[in-house]
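So you can see what is in the structure, the chains are spelled out below.
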Amino acid sequence: MDLNRLIQHSNFEWEIPTAGDMLVPVIIYASEQLVRDMDDKVAIQAVNVATLPGIVKASYAMPDAHWGYGFPIGGVAAFDPDEGGVVSAGGVGFDISCGVRTLLTGLQRHHIEAVKNKLADDLYNTIPAGVGSTGGIHLKLREMDDMLRGGAQWALQRGFARPEDMARIEEAGCMAGAEPAQVSEHAKKRQQDEMGTLGSGNHYLEVQEVKDIYDTEVAAAFGIGLGDIVVSIHCGSRGLGHQIGTEFLKDMVIAAPQHGIHLPDRELACAPINSPLGQKYLGAMRAAINCALANRQILTHLTRCVFEKLLPDATMSLLYDVSHNTCKLEEHLIDGQRRKVYVHRKGATRAFGPGHPDIPEALRNVGQPVLIGGSMGTASYILVGAKDNDQRSFSSACHGAGRAMSRHAAVKQWRGRTVVDDLASRGIVVRSPSLRGVAEEAPGAYKDVSEVVEVADRAGLANKVARVEPLICIKG
DNA sequence: ATGTCC
């Protein structure tokens, strides 16, 4: 990205001032190096977002921002429904409510070493992974509606959760306002056999070791210490969310002129929040959020079953579950006024700071856990929402490393077998149904997550608590 | 991300 068009406010904050059709400025949180390396398309897309009706304050880009469908991935934008604000299917993305959850095991590395390969095999054999993977759970259409309304709370009723898990999930495990009736039968049918499956791409389940602690006090509140073993699960709403995104994108493009909306890019398809189509999308999207929450909950259950057999002393309590592709109604302080706005986070993590009422009581004084997944074979980070970050990007942080190379380019550069062998030589066991998938996700195809996290910390979005590194990776 | 093209 060309630095000449940017105004630098600090070491980690850059502005593209309001001009032309823009209603608000663009604010990018990044180091000079990350801004230089950022695709020009991030600037173009963030500027396009800044032209959408009802946008408030600014169109934001996180340090891991990269080119996406319509909105940049790593984009955050909030809209006021009373000022003609819109909701955008492209602003949420296709993998609705894709997210990460981390489980604490109460175990240390030496507990794992002796059974590492067996643990990897058992996890791989228990957790369906890969494109089109199906699981042992098959829901009737009527049961689908219950699941889409209830999320992880539904999973609790079905025996896939512990009651105490609920407080550790955004929205206490159930996204209110979900409307299964707005989800097409086709979308439901695609998902009927996919509950409790990992999917493909950058989705994974990892057994990780805590390798570094940056904030002892917060780490203690989170229940993590050096050398601890944790399990992280990264996945989303599978075929259902994708189908909802596809259908509403099409409908929103067609309806835009009727709503008097000029789209600078048809991929930015959106509808007024206060319109029948906008409301239908919100109802369907919230149902997809519940689908993702239920899915990660079932994967948690399967993981617990494996550990219970092999490592019965493992505690397997849930630290937290974050979503990073959502649009949520939240109250924020905007120009001195508390206003309710619809915050789009696409490839961005909610990161409420200390004291926020939506953080579980046990963690309220320290802040919301922010789980940042790395790429396969690399470190992941646990952060905490920074104090006063409401004034920076509506309490949002980055979500991961972000691709540095296309899947196509990655497959040309690496062979899956070599990647698996290289990781094995470093003590990381990878199990995947697809060697091509492994090549696509080669560590070198991603940016350095450490730099992205460092910038999120220093920009005051979320603060570093711990770094974890994988021992086992189940890859879709 | 995705029954990697209805």
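Anything mentioned here points back to the structure above.
Small disclaimer: the values here were computed from a predicted structure and weren't measured.

## Describing the sheet that holds strand S12 (residues 325–334)
Picture the strands of a sheet paired through backbone hydrogen bonds; they go either parallel or antiparallel.
Phase 1 of the analysis: One open sheet accounts for seven strands, arranged S1-S2-S3-S4-S5-S13-S12; its pairing is mixed. Among the strands making up the open sheet, the edge pair consists of strand S1 (7–10) and S12. Averaged over all pairs of adjacent strands, the angle between their axes in this sheet comes to 25°, without regard to strand direction.
Phase 2 of the analysis: As defined by bridge partners, strand S3 (residues 26–29) adjoins strand S4 (residues 55–66) across three bridges and the pair is classed as parallel. Opposite isoleucine 27, over in S4, you have tyrosine 60 as the bridge partner.
Phase 3 of the analysis: Of the strands in this sheet, strand S2 (13–16), S3, S4 and strand S5 (73–79) touch helix H2 (residues 40–49), which is tilted by about 160° from S4.
Phase 4 of the analysis: Across the face of the sheet, helix H11 (residues 276–310) comes into contact with S12 and strand S13 (337–346) while running at roughly 110° to S12.

## Structural notes on the pairing of S12
Phase 1 of the analysis: Of all the ten residues making up S12, seven are buried; the element is thus mostly covered by neighbouring parts of the structure.
Phase 2 of the analysis: Note: S12 against S13, ten bridges, orientation antiparallel. Bridging from a neighbouring strand, glutamate 331 pairs with lysine 340 of S13.
Phase 3 of the analysis: Counted along the chain from S12 to the antiparallel partner S13, the turn is two residues long, and its residue aspartate 335 has a positive phi close to 50°.

## Here's the deal with empty space enclosed by the protein
Phase 1 of the analysis: For the structure on display, the rule yields two cavities of 30 Å³ or more.
Phase 2 of the analysis: The volume enclosed by the largest cavity comes to roughly 40 Å³.
Phase 3 of the analysis: Lining the largest cavity, in full, are Val100, Thr102, Tyr204, Gln208, Ser232, Leu371, Ile372, Gly373, Ser380, Tyr381, Ile382 and Val468.
Phase 4 of the analysis: When contributions to the lining of the largest cavity are tallied by element, the ones reaching two or more residues are strand S7 (99–108), strand S8 (204–213), strand S15 (369–372) and strand S16 (380–385).
Phase 5 of the analysis: Considering every element that reaches the lining of the largest cavity, the biggest residue donor is S16, with three residues.
Phase 6 of the analysis: Broken down by class, the residue content of the lining of the largest cavity amounts to seven nonpolar, five polar and no charged.
Phase 7 of the analysis: A volume near 30 Å³ is recorded for the second largest cavity.
Phase 8 of the analysis: In this structure, the second largest cavity is lined by Ala46, Val49, Ser59, Tyr60, Phe71, Pro72, Gly75, Val76 and Ala77.
Phase 9 of the analysis: Those elements that place two or more of their residues in the lining of the second largest cavity are H2, S4 and S5.
Phase 10 of the analysis: The leading source of residues in the lining of the second largest cavity is S5, at three residues.

Criteria and cut-off values
Residues numbered from 1 in each chain as written. Chains lettered and ligands numbered in written order. Predicted model: local features only at pLDDT ≥ 70, side-chain atom pairs only at ≥ 80, totals over all residues. Heavy atoms only, no water. Pairing = 2+ DSSP bridges. Helix = DSSP H or I, 4+ residues; strand = E, 2+ residues; numbered from the N terminus. Axes fitted to C-alpha atoms, helices over the stretch in contact; angles between N-to-C directions. Contact = heavy atoms within 4.5 Å. Buried < 20%, exposed > 50% of the residue type's maximum accessible area, 1.4 Å probe, protein only. 1 Å grid on protein atoms, 1.4 Å probe; cavity = no way out; pocket = protein on both sides within 12 Å on 5 of 7 lines; lining within 4 Å. Points joined across faces, edges and corners; volume = space filled by probe spheres on them. Nonpolar A, V, L, I, M, F, W, Y, C, P; charged D, E, K, R; others polar.

Scope: geometric values only; no functional claims are made or implied.
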